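# Results of the structural survey
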Amino acid sequence: QISVADENRRHVIFPWTKQAGLKPKEIVRAEGVHVWDGSGKRYLDLAAQLACVNAGHQHPRIVRAIQEQAAKLCYAAPQYATEVRGRLARMIAEVMPGDLNKIYFTSAGAEANEYAVKIARTVTRRPKIIARYRAYHGATHGAMSLTGDWRRAYNEPGMPGTVHAFQPYCYRCTFGQEPGSCARECLSSLEEIIQIEKPDFVAAVIVETITGPSNGLYVPPEDYMPKLRALCDKYAIMLICDEVMSGWGRTGEWFAVNNWNVVPDIITTAKGLTNSQVPLGAVAVSARIAEALEEKTLWAGSTYSGHALACAAGIAAI
């Protein structure tokens, strides 16, 4: 009889690696902070898989919510209203900072970042998006174009209109400064890039509020996020905060931006939103953007937007 690992190797393409020589570990069970392999060996999941199982594996309340929803309604097309989608959207809006009170649902964090770009371009009628080096925003075409680490090179050419800037990398400052005495050259450099690219052509700046572990977990200086918000306001540019990894309690706040009392125009999130029991992402937008979308068509959509099972998981997770 073929083993589970061998069957996977025969028919599954695994991510982020060449396939030759792979020996994937079989996971058969998970509970709380532990997972078990095919031989019955138990492991402490210090990574919470992909930093997405915020409430522990197989959380009984979330599992029960999925089971109960499955018995009633697994799926409805996104043009229909469902009780779980409306309730989850309200619950997300209630914990979002400021007036981010309208939600577009996606299937994952990368897709959420793609939709954030579509929304920013739709509302502003501007083509360019400024992202940062040493950042990760997802593996889909547009999200990988926004990504500023070494993986982007292997996926280029990317999305037109993407520009990259330097972020606050205080451990080894790009500008040769020390954290306690620098003049935030990372921000003055960003402003120069905005001016060179022409502010009237820049729709948004997208940042990981706290740079994720893919690139080193950089917490910005205390004044960085408020000054970034002010810089975006100066040029009427939207601020998109990617909270796919830093959201849902990972910093002690609902979202990392709350640590600096900053309200972006758009927050993207996923992962801990459903404790990853069912895939779900979300784009939360400000009241101003929501009002603009009343009259401007967002030329985008996805089959699984607001999937009923995922929404039930999200309600239970929150």
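Above: the structure in question.
Described below are features of the structure shown in this document. This is a predicted model, so every value here is computed, not measured.

### Things to note about helix α3 (residues 60-72)
With 13 residues, α3 extends 19 Å between its outermost C-alpha atoms, agreeing within 8% with the 18 Å of an ideal straight helix rising 1.5 Å per residue. Along α3, the positions that sit buried rather than exposed are Ile-62, Ala-65, Ile-66 and Gln-69. In a view along the axis of α3, the buried residues occupy a sector of 100°, so they form one face of it. Facing away from the buried surface of α3 by more than 90 degrees, the exposed residues are Pro-60, Gln-67 and Ala-71. Structurally, α3 contributes buried residues whose contacts are with α4 (83-95) and α10 (308-317).

### A closer look at the side chain of Glu-191
In this structure, Glu-191 sits in helix α7 (residues 185-197). Looking at Glu-191, the relative accessible area reads 19%, which means it is buried. Filtering out sequence-adjacent residues up to four positions away, Glu-191 remains in contact with Leu-231, Lys-234 and Tyr-235.

### Quick look at the packing of aromatic side chains
Enumeration according to the criterion identifies nine aromatic pairs in this entry. Aromatic pair Tyr-169 and Tyr-218: ring centres 4.8 Å apart, planes at 45°, arrangement tilted. Within this pair, whereas Tyr-169 is found in the loop between β6 (162-165) and α7, its partner Tyr-218 is found in the loop between β7 (202-208) and α8 (224-234), the two being separated by 49 residues in sequence. Residue Tyr-169 shares its accessibility class with Tyr-218, and that shared class is buried. Within the aromatic cluster, the residues linked to one another by ring pairs are Tyr-133, Phe-166 and Phe-175.

Thresholds, definitions, all that
- Residues numbered from 1 in each chain as written.
- Predicted model: local features only at pLDDT ≥ 70, side-chain atom pairs only at ≥ 80, totals over all residues.
- Heavy atoms only, no water.
- Helix = DSSP H or I, 4+ residues; strand = E, 2+ residues; numbered from the N terminus.
- Expected span 1.5 Å × (residues − 1).
- Buried < 20%, exposed > 50% of the residue type's maximum accessible area, 1.4 Å probe, protein only.
- Arc of directions from axis to C-beta.
- Contact = heavy atoms within 4.5 Å.
- Phe/Tyr/Trp six-rings, centres within 6.5 Å; stacked < 30°, edge-to-face > 60°.

That is the geometry; function is a separate question.
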